[in-house]
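Remarks on the overall topology
If you want the building blocks of each chain, they are given just below.
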Amino acid sequence: MANADFVKGLEGVIAAESSICFIDGHAGRLTYRGIDIQDLAEHSTFEETCYFLLFGNLPKQAELDAFKAELAAGSVVPDEVMALVRSLPKETTPMDALRTAVSALGSYDPDALDNSDAANVRKAVRLIGQVTTLTTSFDRIRKGLDPIAPRQDYTVAENFLYTLHGEAPHPSSARVFDVCLILHADHELNASTFAGRVIASTFTNESGVSAVHAAATGAIGALAGPLHGGANQRVMEMLLKIGDLDAVDAFIDDLFANKKKVMGFGHRVYRTIDPRATVLRSFAKKLGEDTGNSKWFEMCEKIEKLVSAKTSKPIYPNVDFFSGAVFYSMNVPIDIFTPIFACSRISGWMAHTVEQLRNNRLIRPLADYQGLEKMEYMPMAER
Ligand code: CMC
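Structure report, in brief. From a predicted model like this one, the values you see are computed outputs, not experimental measurements.

**Some details on the overall build of the chain**
A count of helical and extended segments in the chain gives 16 helices and three strands. Against the 2.2 N^0.38 benchmark of 21 Å for 383 residues, the chain shows a C-alpha radius of gyration of 22 Å, consistent with a compact globule. With the C-alpha coordinates aligned to their principal axes, the bounding extent of the chain is approximately 65 × 55 × 45 Å. Buried residues in the chain amount to 49% of all 383 residues. Partitioning the intrachain contacts of the chain with sequence separation of at least 6 by distance along the chain shows that 75% fall at a separation of at least 24. Summed over its atoms, the accessible surface of the chain is roughly 18200 Å², and 54% of this surface lies on carbon and sulfur atoms. Computed over 39 positive and 48 negative side-chain charges, the inter-centroid distance for the chain is 4 Å.

**Points about the pairing of strand β1 (residues 21-24)**
Burial along β1 is one-sided: Cys-21 and Ile-23 are buried, and none of Phe-22 and Asp-24, which face the opposite way, are. In this structure, β1 lies alongside strand β2 (residues 29-32), joined through four bridges in antiparallel fashion. Across the sheet, Asp-24 pairs through a bridge with Arg-29, a residue of β2. Count of turn residues in the β1/β2 antiparallel hairpin: four residues, of which Gly-28 carries a positive phi of about 70 degrees.

**Re the packing of helix α2 (residues 46-55) against helix α16 (residues 337-358)**
Relative orientation of the contacting elements α2 and α16 amounts to 15 degrees, with a least axis distance of 8 Å. Here α16 runs roughly parallel to α2, going by the angle between their axes. Pair α2 / α16 crosses with right-handed handedness. Residues Phe-46, Cys-50, Leu-53 and Leu-54 of α2 form the contact with α16, whose participating residues are Cys-343, Ser-344, Ser-347, Gly-348, Met-350, Ala-351 and Val-354.

**Points about the packing of aromatic side chains**
Inspection of every chain in the model, using the stated rule, returns eleven aromatic pairs. With a centroid separation of 6.1 Å and 55 degrees between ring planes, the pair formed by Phe-177 and Phe-327 is classed as tilted. Separated by 150 residues along the polypeptide, Phe-177 in helix α8 (residues 171-184) and Phe-327 in helix α15 (residues 319-329) bring together distant segments of the chain. Taken together, the ring pairs in this structure connect Phe-160, Phe-177, Phe-327 and Phe-337 into an aromatic cluster. Stacked on the ring of Tyr-154, the Lys or Arg Arg-151 has its end atom at 4.1 Å from the ring centre.

**Thoughts on the site of the ligand**
Around the ligand sit 19 residues, and of these His-228, Lys-261, Val-262, Phe-265 and Arg-268 come closest. Taking Phe-265, its main chain carries an N or O atom lying 2.8 Å from a nitrogen atom of the ligand. Interatomic distance of 2.7 Å between a side-chain N/O atom of Arg-268 and an oxygen atom of the ligand. Here the shell around the ligand is built from residues that sort into nine nonpolar, six polar and four charged.

Calculation criteria
Residues numbered from 1 in each chain as written. Predicted model: local features only at pLDDT ≥ 70, side-chain atom pairs only at ≥ 80, totals over all residues. Heavy atoms only, no water. Helix = DSSP H or I, 4+ residues; strand = E, 2+ residues; numbered from the N terminus. Rg over C-alpha atoms; globule rule 2.2 N^0.38 Å. Buried < 20%, exposed > 50% of the residue type's maximum accessible area, 1.4 Å probe, protein only. Contact = heavy atoms within 4.5 Å. Areas by Shrake-Rupley, 256 points an atom, 1.4 Å probe, with all protein chains shown as cover. Lys, Arg positive; Asp, Glu negative; His and termini not counted. Charge placed at Lys NZ, Arg CZ, Asp CG, Glu CD. Pairing = 2+ DSSP bridges. Axes fitted to C-alpha atoms, helices over the stretch in contact; angles between N-to-C directions. Parallel < 35°, antiparallel > 145°, perpendicular 65-115°, else oblique. Left-handed = near helix turned anticlockwise from the far one by under 90°. Phe/Tyr/Trp six-rings, centres within 6.5 Å; stacked < 30°, edge-to-face > 60°. Lys NZ or Arg CZ within 6 Å of the ring centre and 35° of its normal. Near = heavy atom within 4 Å. Polar contact = N/O pair within 3.5 Å; in protein donor to acceptor, adjacent residues only side chain to side chain. Nonpolar A, V, L, I, M, F, W, Y, C, P; charged D, E, K, R; others polar.

Interpretation note: all reported values are geometric properties and have no functional meaning in isolation.
Set out below in structure tokens:
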């Protein structure tokens, strides 16, 4: 009983107007507010990219300095939320812990009940810092270690590595990580961003609940799935399961024979290689050489060749394919890979939430009803 045209998975459907991110899936082009991702990866920093996404212009030096200070100050997580994180079972997945903690942050934020535009931006900046603090703190807490307070003079990338490992990061590692954060920061109406925008669209200024925290919580829930951000963890698990370069052929043959998907491949929008994967490929190669272990990179390259040979469909590596080998080479636990995506994508989610609320209209589509047209209610005793 169709009310209107139905497109499964909303493929090709335009569901929002936005000035934040553009993807040309055929050309393999990705821009944030008009600037190519390769240029941002080469010249920008995550902090500058966050500012750019949120405010729409590249900051002058004084603006960037003030933003960095606000971000660093905002990265502190209230003791009450840290106590909640400590109380979670150690087996909680890091994405579940992050989602729970971000939801709780909404109760302690000084602007919690203020959904004005200025308050939304202040909350957004705090959340960008806090998601990193929560991610690394949970990892330490579950290992029986004390969380490390983020340093106010460190960037988000430096603080991630410092508060995860407990030692000052090497500048080259911090820069690689910084670029990874830039690459993951936004991606138009991906599932988690769309989820966040839908949630934000139900709010008004007088809501009495923090729209920003609600949107971020829902977006984290959506990111966790293996078809979305959860794929980076699954890629590394696949590489570890394969174990060796010689075992790659049989493994990929088996996946295709059983019509299973290769994690880290394919995309709803790209019909060629994801431009982020190209940058991440170079990092995976370089880190393999630097650490004297190129095995994971070589396996990735072999998988890429095999997938390309086995299908005529446009299935190319996406952002999650090479990032696994990159994060693994940096000694990041595998189940922290998807939270890294969140540490970065929180900037895009926040830019989209603020944009949605500035020109809001409730997002409420229709369903193509497939059920019975009419059914009589049957009393309990007669069933
Ligand atoms: N391996 C093997 N075959 C694939 C793959 C893959 N990774 N991806 C798509 N295909 C095939 C699929 O089987 C289907 O074939 P057929 O038409 O014969 O049924 C065809 O290509 C179209 O696939 P689809 O699943 O209908 O396409 P979609 O646009 O709904 O899905 C996707 C996109 C990303 C969910 C899918 O490619 C996938 O499941 N990839 C693996 C998971 C993954 O890497 N996810 C990360 C996505 S990018 C970053 C992010 O969003 O976090």
